[in-house]
Amino acid sequence: MSQAEETTTSRVGQLYDQMAGFESDNFSGDHNMHFGYWDTANDTWPLERAEERLTELMLEKLQARPNDRVLDIGCGMGTPAIRIANSVGGEVVGITVSHEQVKRATARADAEGLSGRVSFRYADAADLPFEPASFDAVWALESIIHMPDRLQVLREIARVIRPGGRVVLTDFFERAPIPEQKRAVVNKFRSNWVIGPMVTIDDYPRLVREAGLRLVELSDISGQVMRRTLEGIAQRIANDRKTIDASLGSDMADDLSLSDLIEVWELGYLLVVAELPADGT
Ligand code: SAH
């Protein structure tokens, strides 16, 4: 790994270490750390429900079978992994570059009586500490957004998944070039949240192919995800501003607020489904 990549990984780890403490200390919620999904314009459910809905959508796409062994890359506080284990059965291994998340996600799986089937460990997606073909399915919910080298991560996924196994992931992408006057907002977001290089939707078929995977679905789901999530986060921060200021400091609270992004429709959200060909083609 290059030095720049190592620095990125440790900055992501620091960000989520800090968030992990804040999340557990202040919120009794479900600790999902991803954007929400509203199927239609008429769906008015709150962000918390929409976050769970995105997990459900990915579960539908994953098509995992009972007793499958699933790798969750970028497991956050463990909520999606616990959900996968409860829906699919089988075993889920979650990885993250935040030691605090490993600790807290492990405690949550234990509390749910899932410690035999759901485990978490510190590992970098660019260098997975797993045997070839040791997973039936791989899941990466809004984690590849932070990673400096998507192709390397996809290659690692292709190495650890069994032939015929599925990968489902979400990513940010540029739907259109970011106009000059919106660049400062996007750059601030990328720097505060340690977001990796941006891609376009047209980069994905090549990335997936070069990693040795076969593309099953590539969907621009920005319309179902972006605006309402950003509005929901802005609302959440406004509601809890005092607590957030007290525990993270008002500078950090300002940094984490994403309300400026609401007008940046050029920033989109992508759902990617791929599989490792069973026949080596
Ligand atoms: N999937 C979770 C968390 C999303 S937040 C959820 O939906 O709730 C992004 C996650 O990606 C964090 O857990 C972060 O530690 C992890 N991550 C970022 N870069 C990583 C890397 N290089 N290797 C492994 N995990 C990484």
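Keep in mind that this is a model prediction, so the values were computed, not measured. (Residues numbered from 1 in each chain as written. Predicted model: local features only at pLDDT ≥ 70, side-chain atom pairs only at ≥ 80, totals over all residues. Heavy atoms only, no water.)

Caption draft 1: Local environment of the packing of helix α2 (residues 47–62) against helix α3 (residues 79–88). Where α2 meets α3, the closest approach of the two axes is 11 Å, and the angle between their N-to-C directions is 50 degrees. The angle between the axes of α2 and α3 places the two elements in the oblique class. The hand of the α2/α3 crossing is right-handed. Packed against α2, whose contacting residues are E52, T55, E56 and L59, the element α3 presents T79, P80, R83, I84, S87 and V88 at the interface. (Axes fitted to C-alpha atoms, helices over the stretch in contact; angles between N-to-C directions. Helix = DSSP H or I, 4+ residues; strand = E, 2+ residues; numbered from the N terminus. Parallel < 35°, antiparallel > 145°, perpendicular 65-115°, else oblique. Left-handed = near helix turned anticlockwise from the far one by under 90°. Contact = heavy atoms within 4.5 Å.)

Caption draft 2: Just empty space enclosed by the protein, in detail. Counted according to the given criterion, the structure contains one cavity of 30 Å³ or more. What the largest cavity holds in volume is close to 60 Å³. Around the largest cavity, the lining residues are V185, K188, F189, N192, D255, S257, L258, D260 and L261. If one sorts the elements of the lining of the largest cavity by residue count, helix α6 (residues 183–192) sits on top with four residues. Of the residues contributing to the lining of the largest cavity, the split by class is four nonpolar, two polar and three charged. (1 Å grid on protein atoms, 1.4 Å probe; cavity = no way out; pocket = protein on both sides within 12 Å on 5 of 7 lines; lining within 4 Å. Points joined across faces, edges and corners; volume = space filled by probe spheres on them. Nonpolar A, V, L, I, M, F, W, Y, C, P; charged D, E, K, R; others polar.)

Caption draft 3: Structural context of the sheet that holds strand β5 (residues 161–174). Spatially, β3-β2-β1-β4-β5-β7-β6 is the arrangement adopted by the seven strands of the open sheet, whose pairing is mixed. Strands at the two margins of the open sheet, each flanked by one partner only, are β3 (118–122) and β6 (214–220). Each adjacent strand pair in this sheet contributes to an overall mean axis angle of 15 degrees, direction not counted. As paired elements, β6 and strand β7 (residues 267–275) share six bridges and run antiparallel to each other. Across the sheet, D220 pairs through a bridge with L270, a residue of β7. (Pairing = 2+ DSSP bridges.)

Caption draft 4: A look at the pairing of β7. Across the nine residues of β7, nine count as buried, placing the element largely inside the fold. The side-chain alternation of β7 yields two buried faces, one formed by L267, Y269, L271, V273 and E275 and the other by G268, L270, V272 and A274. With nine bridges connecting them, β5 and β7 associate as antiparallel partners. By the bridge assignment, F173 is partnered in β7 with G268. (Buried < 20%, exposed > 50% of the residue type's maximum accessible area, 1.4 Å probe, protein only.)

Caption draft 5: Representation of the packing of aromatic side chains within the structure. Scanning all chains against the criterion turns up five aromatic pairs. Ring centres 5.7 Å apart and planes at 20 degrees place the aromatic pair F35 and Y269 in the stacked group. Of this pair, F35 sits in the loop between α1 (3–26) and α2 while Y269 sits in strand β7; the two residues are 234 residues apart in sequence, bridging distant segments of the chain. The same class applies to F35 and to Y269, which are both buried. Note on F172 and F189: the rings are 5.7 Å apart at their centroids and 70 degrees apart in plane angle, and the pair reads as edge-to-face. Separated by 17 residues along the polypeptide, F172 in strand β5 and F189 in helix α6 bring together distant segments of the chain. (Phe/Tyr/Trp six-rings, centres within 6.5 Å; stacked < 30°, edge-to-face > 60°.)

Caption draft 6: Local environment of the pattern of salt bridges. Tallying each qualifying case throughout the model produces 25 salt bridges. For R83, the salt bridge goes to E52, with nearest N and O atoms at 2.6 Å. In this pair, R83 is assigned in helix α3 and E52 in helix α2, connecting sequence segments 31 residues apart. Classification of R83 as partly exposed rests on a relative accessible area of 23%. (Salt bridge = Lys/Arg side-chain N within 4 Å of Asp/Glu carboxyl O.)

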